[in-house]
Amino acid sequence: MESPTIAASTPLESPAAAEDTPDLPPVSTRFIAVYAATSFGANLTMLMPSLFGLAYKIQLIDPAGKETALGLVVGVGALFNIVVTPLAGVLTDRTRLRWGRRRPWVAAGIVVCGLSGLSIALAPSVILIGVAWVCYIIGLAAILSCGALIDGVHEFPGPWALVPVAATLLFI
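Because the structure is predicted, anything quoted here is derived from the model rather than measured.

Examining the nonpolar core
- Leu54, Ile58, Ile120, Ile129 and Trp133 are the most contacted members of the largest nonpolar core, which has 15 residues in total.
- At the level of secondary structure, the elements contributing two or more residues to this core comprise α2 (29-61), α3 (66-94), α4 (103-122) and α5 (126-144).
- Ignoring any residue separated from it by four or fewer positions in sequence, one finds isoleucine 120 in contact with Leu54, Lys57, Ile129, Ala132 and Trp133.

So, in structure tokens, the structure goes:
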């Protein structure tokens with residue numbers, strides 16, 4: 001018995017996706033600078049309240065070890081983010097639903113982020129806060145990595161793809 005074939009790993013490898021992809025002109029240096037600044041601001045806006053609330057909640061639960069606990073929770077979340085964000089991008093490229101490729105991921109990400117935020121607020125232990133934070137990171141990855149806000153492959157071809165990464169590193 002033959003095993004089922006797997007779809008192309010990127011949308012540009014499949015013939016149908018190549019037809020859907022318009023030829024876009026290269027972006028200007030000004031656009032890249034504005035996008036980097038906007039990306040920095042967006043990351044600041046989305047993560048600052050979350051990280052402040054997370055630190056405050058951990059301080060309430062474990063005042064003696066708050067620095068270690070916060071570092072562990074945020075570090076584990078970052079490790080999950082490294083794995084989940086590219087995976088979510090690949091999965092959204094392969095999604096074929098009546099809602100479209102991106103909308104289901106954005107909707108699911110919003111629900112996951114909302115429930116995770118509520119779970120962080122109600123969590124009685126640092127371990128449960130860590131689990132809820134990882135879920136929040138997964139939901140955020142579903143929203144942001146699906147290309148719903150910007151199609152990075154076309155906007156940042158080649159080495160310019162590192163510009164949003166650099167903007168995020170500035171935030172960190």
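Topic: the environment of valine 134
- You can see valine 134 is positioned in helix α5.
- In this structure the C-alpha to C-alpha distance between valine 134 and cysteine 113, which are 21 residues apart in sequence, comes to 10.0 Å.
- Setting aside chain neighbours within four positions, we find valine 134 in contact with Val76, Gly77 and Phe80.

Digging into the packing of aromatic side chains
- Applying the stated criterion across every chain, the model contains two aromatic pairs.
- With a centroid separation of 6.5 Å and 15° between ring planes, the pair formed by phenylalanine 52 and tyrosine 56 is classed as stacked. Placement of both phenylalanine 52 and tyrosine 56 in helix α2 is noted, with a separation of four residues, approximately one turn of the helix.
- A relative accessible area of 46% means that tyrosine 56 is categorised as partly exposed.
- Arranged with centres 5.2 Å apart and planes meeting at 15°, the rings of tryptophan 133 and tyrosine 136 form a pair that is stacked. Placement of the pair is tryptophan 133 and tyrosine 136 together in helix α5, with a separation of three residues, close to one helical turn. For the pair tryptophan 133 and tyrosine 136, one class covers both residues: buried.

A closer look at the state of the cysteines
- Evaluation of the coordinates by the stated rule reveals zero disulfides.
- In this structure cysteine 113 is a free cysteine whose sulfur lies 9.9 Å from that of cysteine 135, the closest cysteine sulfur available.

Rules and cut-offs
Residues numbered from 1 in each chain as written. Predicted model: local features only at pLDDT ≥ 70, side-chain atom pairs only at ≥ 80, totals over all residues. Heavy atoms only, no water. Core = buried A, V, L, I, M, F, W, Y, C linked by side-chain atoms within 4.5 Å. Buried < 20%, exposed > 50% of the residue type's maximum accessible area, 1.4 Å probe, protein only. Helix = DSSP H or I, 4+ residues; strand = E, 2+ residues; numbered from the N terminus. Contact = heavy atoms within 4.5 Å. Phe/Tyr/Trp six-rings, centres within 6.5 Å; stacked < 30°, edge-to-face > 60°. Disulfide = S-S within 2.5 Å.

Structural measurements only, silent on function.
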